[in-house]
Amino acid sequence: MPAYENLDDHSIAGSSSVEPDSKPELPKVSGRAWGRLLKLCDLSNAAVFIVITEFFEKITYFGVRAILVLYFTKALTLSESKATSLFHVFIFLSTSFTIVGAFLSDFCFGRYRSILMLSVVYLIGTIVLSVTAIPGEMGQSVVGAFIGLFLISLGSGGIRSSMSPFGADQIGGKEEKGYRMYFSFFYFSMNLAALLAGITIPILREDVQCYDTDCYPLAFGVPAIAMLLAFVIFALGTSVYKIYPPTGNLFCKLLCATASAITNKIKWYMSKKKEGGKEHWLDWADQKYEKEIINDAKRLYNVLALYPLLPMYWALYEQQGSRWTLQAQEMDRNVGSIKLKPDQLQSLNVLFVLLLLPLFEGFVYPQFEKRKLLIQPVTRMSIGMIGAAVAFCITGIVQVQIQKWQVSPPPNGMTGLKIFNGAPCQFSIDFFKNHITMDPQMFSDSYLVPIDTFMFHIVPVNCTVPQRPLDINVTMDSETSSTLFMVRDSKTSELILKQIPDNSVKVLDNSALVRIFPVLEIPDTSSNKSLRLTCEPDAGKDLEVRPFDPSLYTPVRPGRCSLQLSGVGPSFLHVEGEVELKDGGVYTIAVYQANHTDNVTVQLNIDNWPKTVSVLWQIPQYLVISMSEILFAVTGLHLAYTQAPSSMRSVVMAVWLLTIGVGNLIVVLIAEIAIIKDQAVEFFVFALLMALISLIFIITARFYKYHPIDTKGDYHHEADKETESDSLSSEVKAPPSYTGEENKPQANR
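Residues numbered from 1 in each chain as written. Predicted model: local features only at pLDDT ≥ 70, side-chain atom pairs only at ≥ 80, totals over all residues. Heavy atoms only, no water.

Asks: Looking at this structure, I do not really get the overall build of the protein. What am I missing?
Replies: Looking only at helices and strands, one finds 19 helices and 22 strands in the protein. Classification of the 749 residues of the protein by burial places 53% in the buried group. Relative to all contacts within the protein whose residues are 6 or more apart in sequence, the contacts with residues 24 or more apart total 74%. When the accessible surface of the protein is split by element, carbon and sulfur atoms take 61% of a total near 33100 Å². (Helix = DSSP H or I, 4+ residues; strand = E, 2+ residues; numbered from the N terminus. Buried < 20%, exposed > 50% of the residue type's maximum accessible area, 1.4 Å probe, protein only. Contact = heavy atoms within 4.5 Å. Areas by Shrake-Rupley, 256 points an atom, 1.4 Å probe, with all protein chains shown as cover.)

Written out as structure tokens, the structure reads:
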């Protein structure tokens, strides 16, 4: 491990720099090609190690979270609301532990050692999660999953606050463009990892079967291997890293200086003369603390003043892994011959970021800067926040279309009722303010009726066998809707009514629910029959049925299905016509066989509509949220580093990441309180809140004061000493590139 360098030895503008004894370089690629590439990208060898490490670490993180909601609901059999809450609790802990990482890196061990130690914790967590995902006698271990996820959140959170600043430390005292380019590459690698993980891990989960179910041990095991690679790659770069020691009690000094300034300010305000006022309230600490501490405090509080408004953005953004994934599960995911998985749709976000980030850096930003637009980071962040609100408006509109095809819960005290006429007669029926005429072998619409007992008045019309009018009491004792099956007794020719509850459970993914109602005009109604349901591709199922007795709902594989009814002996009678069963649909299939004939026909009734809205309608919301991420998140990451004091960049980065955790906590609170029952309304409420926060942020950002990059802690290469010394001198005196005549710094507050 290279010796630690002292912060006091780092060159300030115009000063000489201290060079370590030796700095081994990476192997060169085809002569000078590697150096030219790094020079073009403004990246050092050490920064490349950090970017690659970030790539594999993010494969681990995004691979775990991509399938986490479905692991909760399918493997651990938790409810959707509980799964949503636990998912966002995991994200909250992952971002909240950034404070732990910042404390360890800035005040205890330094960034390098903190990353190394927490990577071990991270790796152990992934191993625990993958091992406990192996089904046992009682299924997967819930306790083991929680322990693994806790260790992962501790490791990933602790690393996140140090990794990007540690990589930026390797850039040295370059211009603003160099830092911006580094953070763009850093974010690009992170999203490339998220894209690969978001596509491949769900495939391993569903398409690879182990223990007769989805293979979660493999799906969690691959991220564990990726974390091992990240640890090895980070360690291999040790010899080329610039490693700075922790700043010790500097943060404590800053807090004490703040308290001193507040105390002195109050004393001055309470005095009668009020002489000798200060330009800034923190200047009241100058009697006891040096100017450098006071200036660091000004920079710190200046940037942190923006952060209380940021969590709402993350509350919207992070729902891609929960609410948006669950929304995709309710949509038709067949795209041509390909069936997408609900947890794969999150990859659209990272795909769009990968495609749009170079476009924004190479074309959009330069074009706007020529017109003096979108120059300030806070302006870009404001537009990004508005974009998140627009994305959730689109999400709400899509949800409205989904819910149009879903069965709405009836009002209090009411339930749904359908009628099926399985008799060979037409009937006129009066019940609860309704009058309908039903032809033979027909299903009625669904009607709202009270949960009570009421009269059915049934009058036969055009019957070949004489029938008398029938009055019968029907009792509805549940909010679950029912179907009233009307059949004629083959022996007495009397009308028989059978009230059967409809389906009340959620249809499993990639399946449809079917019940069979065999209307078989045969003398013996006591013998069971078999109905063979053969669906594409080559998925047959034999269902036991009883004449004139509706079967229970049975899950079957979706597809175009043909039917065969058991005849004499082992033979089967072909049923005329085919039925098409779609994913998520609930169906009743009525089968008719005339007495002593081989003529069997079928009629399909849709009890609950299948997944009708195409998942492609999620593309606009992912496109808009991706553009907002580039404007908000990439810019905010860059702002957090460049505007923070060099001695407390990990602290500022930790607070930046903590806003993500608070945003996830907002989602948890809303999900657990469950005030909003309608999912579409919830999306619109989030959009409205985001729009209001954006307006407040725009007003607040107008008073933000930009500072030049704090370079007093940067390390410079000896080869760049002469040129960098001059450039840094001018850089410290001049504002960054995004502050110009159109935005002169405002008066000190």
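Asks: Where do I start with unusual backbone geometry in this structure?
Replies: The phi torsion of most residues other than glycine is negative, and most of the peptide bonds are trans. Of note in the backbone geometry, T77 takes a positive phi value of approximately 50° without being a glycine. Mapped onto the elements, T77 comes out in the loop between helix 3 (68–75) and helix 4 (80–96). Phi at Q441 is positive, roughly 55°, even though this residue is not glycine. Within the fold, Q441 resides in the loop between strand 7 (434–438) and strand 8 (442–443).

Asks: Would you take a moment to explain the packing of aromatic side chains for this structure?
Replies: Describing an aromatic ring pair means giving the distance of the ring centres and the angle of the ring planes. Applying the stated rule across the entire model yields 37 aromatic pairs. Relative to Y241, the ring of F166 has its centre 5.2 Å away and its plane inclined at 75°; by these criteria the two rings are edge-to-face. Of this pair, F166 sits in helix 7 (residues 142–169) while Y241 is found in the loop between helix 9 (216–236) and helix 10 (250–270), placing the two residues 75 residues apart along the sequence. Here F166 falls in the buried class, since its relative accessible area comes to 2%. By the ring-pair criterion, three or more aromatic residues cluster together here, those being Y307, Y313, W314, Y317, F632 and W656. Directly above the aromatic system of Y61 lies the positively charged group of R160, at a separation of 5.4 Å from the ring centroid. Looking at R380, its charged tip hangs above the ring of Y365, at a distance of 3.7 Å from the centre. (Phe/Tyr/Trp six-rings, centres within 6.5 Å; stacked < 30°, edge-to-face > 60°. Lys NZ or Arg CZ within 6 Å of the ring centre and 35° of its normal.)

Asks: Is there a simple way to think about the sheet that holds strand 10 (residues 453–461) in this case?
Replies: Two orientations exist for strands paired in a sheet by backbone hydrogen bonds: parallel and antiparallel. Taken in spatial order, the four strands line up as 7-6-10-11 in an open sheet, and their pairing is antiparallel. Each end of this open sheet is capped by a strand with a single partner; those strands are strand 7 and strand 11 (470–475). The average angle at which neighbouring strand axes cross in this sheet is 25°, direction not considered. Where strand 6 (residues 426–431) and strand 10 come together, six bridges link them in antiparallel fashion. Note that in strand 10 the partner of S428 across the bridge is V459. (Pairing = 2+ DSSP bridges. Axes fitted to C-alpha atoms, helices over the stretch in contact; angles between N-to-C directions.)

Asks: Would you explain the packing of helix 5 (residues 98–108) against helix 6 (residues 110–132) in this entry?
Replies: The angle between the axes and the distance between the axes are what describe a pair of packed helices. Close contact between helix 5 and helix 6 brings their axes to 7 Å; oriented N to C, the two are set at 140°. When the interaxial angle is binned, helix 5 and helix 6 end up oblique. Remark: the crossing between helix 5 and helix 6 carries right-handed chirality. Here G101, L104, S105, D106 and C108 of helix 5 lie close against helix 6, whose contacting residues are G110, R111, S114 and L118. (Parallel < 35°, antiparallel > 145°, perpendicular 65-115°, else oblique. Left-handed = near helix turned anticlockwise from the far one by under 90°.)

Asks: Where do I start with the packing of helix 4 against helix 7 in this structure?
Replies: One way to put it is that helix 4 packs onto helix 7 with a least axis distance of 7 Å and a crossing angle of 40°. Contacts from L86, F90, L93, S94 and T95 in helix 4 reach F146, L149, F150, I152, S153, S156, G157 and R160 in helix 7. Of the residues belonging to the contact of helix 4 with helix 7, the class tally is seven nonpolar, five polar and one charged. (Nonpolar A, V, L, I, M, F, W, Y, C, P; charged D, E, K, R; others polar.)

Asks: Would you explain the pairing of strand 6 in this entry?
Replies: The side chains of a regular strand alternate between the sheet's two faces. Where strand 6 lies against strand 7, five bridges are found, and the strand directions are antiparallel. The partner of D430 across the bridge, within strand 7, is H435. Hairpin geometry of strand 6 and strand 7 is characterised by an intervening segment of two residues between the two adjacent antiparallel strands and by a positive phi of about 35° at F432.

Asks: Sorry if this is basic, but what is going on with helix 9 here?
Replies: Side chains of residues three or four places apart in an α-helix project in the same direction, reflecting 3.6 residues per turn. With 21 residues, helix 9 should cover 30 Å at 1.5 Å per step; its first-to-last C-alpha distance of 31 Å lies within 8% of that length. The complete set of buried residues in helix 9 reads Y216, P217, A219, F220, G221, P223, A224, A226, M227, A230, I233 and F234. (Expected span 1.5 Å × (residues − 1).)

Asks: Would you explain the pattern of salt bridges in this entry?
Replies: For side chains bearing opposite charge, pairing can occur when the charged atoms are close. What the rule picks out here adds up to 19 salt bridges. With a closest N to O distance of 2.3 Å, R111 and D169 form a salt bridge. Separated by 58 residues along the polypeptide, R111 in helix 6 and D169 in helix 7 bring together distant segments of the chain. The burial state of R111 is the same as that of D169; both residues are buried. Where K418 meets D502, a salt bridge forms, and the shortest distance between an N and an O atom there is 3.5 Å. Residue K418 is located in strand 5 (residues 414–421), and its partner D502 is located in the loop between strand 13 (495–501) and strand 14 (512–520); the two are separated by 84 residues in the primary sequence. Classification of D502 by relative accessible area gives buried; the value is 8%. (Salt bridge = Lys/Arg side-chain N within 4 Å of Asp/Glu carboxyl O.)

Asks: Where do I start with the nonpolar core in this structure?
Replies: One broad rule of soluble globular proteins: the nonpolar side chains tend to lie buried together. With 137 residues, the main nonpolar core has Y182, Y241, F632, W656, M690 and F697 as its most contacted residues. If you tally residues by element for this core, the top one is helix 16 (residues 619–642), at 12 residues. With residues up to four places along the chain from it excluded, the contact list for W656 reads Y307, L310, W314, M381, F632, A633, G636, L637 and A640. C561, L565, V579 and Y587 belong to the second-largest nonpolar core, a separate cluster that totals 21 residues. (Core = buried A, V, L, I, M, F, W, Y, C linked by side-chain atoms within 4.5 Å.)

Asks: Is there a simple way to explain the sheet that holds strand 21 (residues 586–593) in this structure?
Replies: Across the sheet, four strands lie side by side as 17-14-21-22; this open sheet has mixed pairing. Strand pairing shows two members of the sheet lacking a second neighbour, strand 17 (554–556) and strand 22 (600–608), which therefore form its edges. Between one strand and the next, the sheet's axes are offset by a mean angle of 35°, whatever the strand orientation. Here strand 21 runs beside strand 22; their pairing, made up of eight bridges, is antiparallel. Counted as the bridge partner of V586 is N608 from strand 22.

Asks: Just checking my understanding: could you explain the state of the cysteines for this structure?
Replies: Where two cysteines share a covalent bond between their sulfur atoms, that bond is called a disulfide. Under the criterion given, the structure shown has one disulfide. The disulfide partner of C210 is C215, and the gap between their sulfur atoms is 2.1 Å. Between C210 and C215, the S-S dihedral sits near 110°, and the bridge is therefore right-handed. Note on accessibility: C210 and C215 belong to one class, buried. (Disulfide = S-S within 2.5 Å.)

Asks: Explanation requested: the confidence of the model for the protein in the structure shown.
Replies: Across the protein, the average pLDDT comes to 78, with 82% of residues at or above 70. Confidence drops under pLDDT 50 across residues 1–40; counting only partners more than four residues distant or on other chains, this segment forms 68 contacts. (pLDDT = per-residue confidence, 0-100.)

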